[in-house]
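# Commentary on secondary and tertiary structure
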Amino acid sequence: MRGHPILRLVVLICFLTIAGIPVYLITLERPVGVQSIAAPSAKKITLYEITLTPSTPALLSLASVGQKSIESLPGADSLRATYSMDAAKPEDLVVKALFASPQKNAALRIQVQVAGKTLTDATLWGSETIEDVISISVP
Amino acid sequence: MRQFFSILIFVGLATLVQAEPLKVASLSTVLADIARNVGGDRVDVREIIKPGSDPHLYEPTPGDIKKISNVQMVLASGLGFEPYLDKLRSSLEKSGVIFVVAGSAVKPIACMEEDHHDHGHASTDPHWWHSIANVEAVTMQIRDAFIAADPAGTATFEANAKAFEEKLEALSKWVRIQLAALPKSKRILVTSHDALGYFAKDNGFEILPVQGISTSDQPSSRKVRHLIQEIKERQVKAIFAENIENPKVLRQITMETGATLGGTLYADGLGTGDAGTYLGMMRSNVTTIVGALQ
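Residues numbered from 1 in each chain as written. Chains lettered and ligands numbered in written order. Predicted model: local features only at pLDDT ≥ 70, side-chain atom pairs only at ≥ 80, totals over all residues. Heavy atoms only, no water.

### A few points about the overall build of chain A
Convention followed: Counting from the N terminus, the helices are DSSP H or I runs at least four residues long and the strands are E runs at least two residues long. A simple rule labels every residue: compare its accessible area, found with a 1.4 Å probe on the protein chains alone, to the largest value its type can have, and call it buried under 20%, exposed over 50%, or partly exposed in between. We call two residues in contact whenever any of their non-hydrogen atoms come within 4.5 Å of each other. All accessible-area figures derive from a Shrake-Rupley calculation using a 1.4 Å probe, and residue coverage is judged against the displayed protein chains alone.
What chain A contains, in helices and strands, is one helix and eight strands. Secondary structure elements of chain A, listed N to C terminal, follow the sequence α-β-β-β-β-β-β-β-β. Burial analysis of chain A (139 residues in total) assigns 31% to the buried set. Put simply, 56% of the contacts in chain A that link residues at least 6 apart link residues at least 24 apart. With an accessible surface of roughly 9,000 Å², chain A has 62% of that area assigned to carbon and sulfur atoms.

Here it is in structure tokens:
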């Protein structure tokens, strides 16, 4: 290519610009259909009143992640606790009852209330020991 | 005396006939373990897919076909996990081989991945064994199939299935208690591929897979970039590799996000050692997840 050096430079810039357009369009950032990033919602702390009632007196315990574990004296008739947790995602409860002697149909009732309204009312069955996890329903 | 020997020979023959186990081939390491638990000595289980191998990439060899054609029953996962299954089934069912497909006994869930490519998985997640409830259902399915094929073993199969079901129930409770130690906000699983959907559904986890539903799905650089952004924003503490994959991409993600490699999960079947049984595999996965995310 012959001609004035400035003209040659202008032609070269034009060529590079035109060639760069498809590259720019291909690499342009676009939103993709991967999982949407949900903005973390503000926590709404709620008081959960939890009551454990065994069929016969037992050593009762209650635990939940981020909460203080609570244990009754042996031979307790019930165990009550109040946990403050996020209303949108209340943590699961680990409940345990250790009965003094093996029984055929020992039971442990777990009630969870918020402001007097029952969210969870479950009964677990077992013999000498009952241990399981209870999920709290979201109101 | 002659009569005594005749009875002895008859009893001996009867014992031999009874001792001949039901020959079963399994296209899944998990199904092989369930079959061994239910069948006991009455069943001879041959594993076509070995622990630690990638079932997504498996294609039956002529040697495997020969092995499978010599059995009375074939156990398969179904739900698209074995893309070759229809072809294999149509050729072997003619010769009297019974096919038990676990997918028909479970509650399938849809794939979570939106942009995966179709690798014969359609839109159903085929990794049903990560839900213990599904394994219980398949245990009953296998028990019934064994009873139909070997009615003389009914009592054995029923007792074995009941014993295994009790172990599964104990495992289920153990899993719940272990996971209760993990705050719900931390129940995010970043894994190599989207194989733990059933586990996530049962236990309140969210899955962020690097690959799609199959190990053959490759992530685009754009997807990896967005995943890195999400891991940073949601402060995910650890991400997990799988026993049958090269965790190179995961290492790159850990370098950019600050998350650690949480350990190895058994996603596509059983492993070896302690993870060589279904119960062991689940315990290993749960221990790894809780240990890394806590």
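### Considerations on the overall build of chain B
For chain B, the count of helices and strands is ten helices and eight strands. Split into buried and exposed, the 294 residues of chain B put 51% on the buried side. Surface accessibility of chain B: about 13,300 Å² in total, with carbon and sulfur atoms responsible for 54%.

### As for the pairing of strand 3 (residues 73-76) of chain B
Residue and element names in this part refer to chain B. Short version of the rule: Two strands make a pair as long as DSSP finds a minimum of two bridges between them.
Burial along strand 3 is two-sided: M73 and L75 facing one way and V74 and A76 facing the other are all buried. Note that strand 1 (residues 22-26) and strand 3 share three bridges and pair parallel. When the bridges of strand 3 are listed, S26 appears paired with L75. In this structure, strand 3 lies alongside strand 4 (residues 98-101), joined through four bridges in parallel fashion.

### Looking at the packing of helix 2 (residues 29-39) of chain B against helix 6 (residues 154-179) of chain B
Residues and elements named next belong to chain B. Let me state the cut-off plainly: Note on geometry: axes are lines fitted to C-alpha atoms, helical ones only across the stretch in contact, with angles between N-to-C directions running from 0 to 180 degrees. Note that the term roughly parallel is reserved for angles under 35 degrees, roughly antiparallel for angles over 145, roughly perpendicular for angles of 65 to 115, and oblique for everything else. Ten residues, namely Ala, Val, Leu, Ile, Met, Phe, Trp, Tyr, Cys and Pro, are considered nonpolar, four, namely Asp, Glu, Lys and Arg, are considered charged, and the remaining ones, Gly among them, are considered polar.
Packing of helix 2 against helix 6 leaves a shortest axis separation of 7 Å and a crossing angle of 125 degrees. Judged on the interaxial angle alone, helix 6 and helix 2 are oblique. Counted together, I34, N37, V38 and G39 of helix 2 and T156, F157, N160, A161, F164 and K167 of helix 6 form the full contact between these two elements. Of the residues in the contact of helix 2 with helix 6, the class split is five nonpolar, four polar and one charged.

### Quick word on the domain arrangement of chain B
Which entries qualify depends on this criterion: Domain borders in the structure are assigned automatically or taken from a domain database.
When the domains of chain B are assigned, the result is domain 1 (17-173) and domain 2 (181-293). Of note, the centres of domain 1 of chain B and domain 2 of chain B, computed from C-alpha atoms alone, are 25 Å apart.

### Looking at the nonpolar core
The test is simple: The criterion is simple. A nonpolar core is a set of buried Ala, Val, Leu, Ile, Met, Phe, Trp, Tyr and Cys residues joined through side-chain atoms within 4.5 Å.
I34(B), W128(B), F146(B) and Y278(B) are the most contacted members of the largest nonpolar core, which has 56 residues in total. Both of domain 1 (17-173) and domain 2 (181-293) of chain B provide at least three residues apiece to this core. Once you skip the residues sitting within four places of it in the chain, I34(B) turns out to touch W128(B), V135(B), V138(B), T139(B), I142(B) and F164(B). Judged by nonpolar contacts, the second largest core, of 26 residues, contains L60(A), Y83(A), A87(A) and I130(A).

### Digging into the sheet that holds strand 5 (residues 93-99) of chain A
Taken in spatial order, the four strands of this open sheet run 3-2-5-8 (chain A), and their pairing is antiparallel. Sheet topology places strand 3 (70-71) and strand 8 (129-134) of chain A at the edges, where each strand pairs with a single neighbour.

### Considerations on the sheet that holds strand 1 (residues 45-54) of chain A
All names here are of chain A. The antiparallel open sheet is built from four strands, whose spatial order is 4-1-6-7. Every other strand in the sheet has two partners, leaving strand 4 (79-86) and strand 7 (117-126) as the edge strands with one partner each. Each neighbouring strand pair of the sheet contributes to a mean axis angle of 20 degrees, computed without reference to strand direction. With eight bridges joining them, strand 1 and strand 4 adopt antiparallel strand pairing. Note on strand 4: the bridge partner recorded for I50 is A81.

### Some remarks on the pairing of strand 7 of chain A
Residues and elements named next belong to chain A. Pairing analysis gives nine bridges linking strand 6 (residues 106-114) to strand 7, with the strands arranged antiparallel. Residue A107 lies in a different strand from strand 7, and its bridge partner there is W125. Taking the residues that link successive antiparallel strands as the turn, the strand 6-strand 7 hairpin has two residues, and the phi of A115 there is positive, at about 50 degrees.

### Here's the deal with the side chain of K223(B)
All names here are of chain B. What counts here: Pairs of N or O atoms are called polar contacts if they sit within 3.5 Å, as long as, within protein, a hydrogen donor faces a hydrogen acceptor (for residues adjacent in sequence, only side-chain-to-side-chain pairs).
Along the polypeptide, K223 turns up in helix 8 (residues 221-233). Judged by its relative accessible area of 6%, K223 is buried. Within polar-contact distance, the side chain of K223 engages the backbone oxygen of P209 at 3.5 Å.

### Some words on the pattern of salt bridges
Definition in use: Throughout this description, the term salt bridge denotes a Lys or Arg side-chain nitrogen within 4 Å of a carboxyl oxygen of Asp or Glu.
Inspection of the entire model under this criterion finds twelve salt bridges over all chains. Linking R109(A) and D121(A) is a salt bridge whose minimum nitrogen-to-oxygen distance equals 2.7 Å. Of the two residues, R109(A) sits in strand 6 while D121(A) sits in strand 7, which places them twelve residues apart along the sequence. Judged by its relative accessible area of 42%, D121(A) is partly exposed. Among the ionic pairs, R42(B) bridges to D150(B), the shortest N-O distance being 2.9 Å. Here the residue R42(B) occupies a position in the loop between helix 2 and strand 2 (43-47), and D150(B) occupies one in the loop between helix 5 (132-149) and helix 6, the gap between them amounting to 108 residues. In this pair, the class of R42(B) matches that of D150(B), namely buried.

### Comments concerning the packing of aromatic side chains
All names here are of chain B. Where we set the bar: Any Phe, Tyr or Trp ring, taking Trp's six-membered ring, that has another such ring centre within 6.5 Å forms a pair; planes under 30 degrees apart are called stacked, those over 60 apart edge-to-face, and the others tilted. When the NZ atom of lysine or the CZ atom of arginine is within 6 Å of a ring's centre and also within 35 degrees of its normal, the charge is said to sit over that ring.
Throughout the structure, instances matching the rule amount to five aromatic pairs over all chains. Here the aromatic rings of W128 and W129 are separated by 5.5 Å at their centres, their planes lie at 85 degrees, and the arrangement is edge-to-face. Relative to F205, the ring of F199 lies with its centre 5.5 Å away and its plane at 40 degrees, an arrangement referred to as tilted. You'll find F199 and F205 in the same group, each marked buried. Put simply, the rings of F81, W128 and W129 pair up and form one aromatic cluster. Stacked on the ring of W174, the Lys or Arg R283 has its end atom at 4.6 Å from the ring centre.

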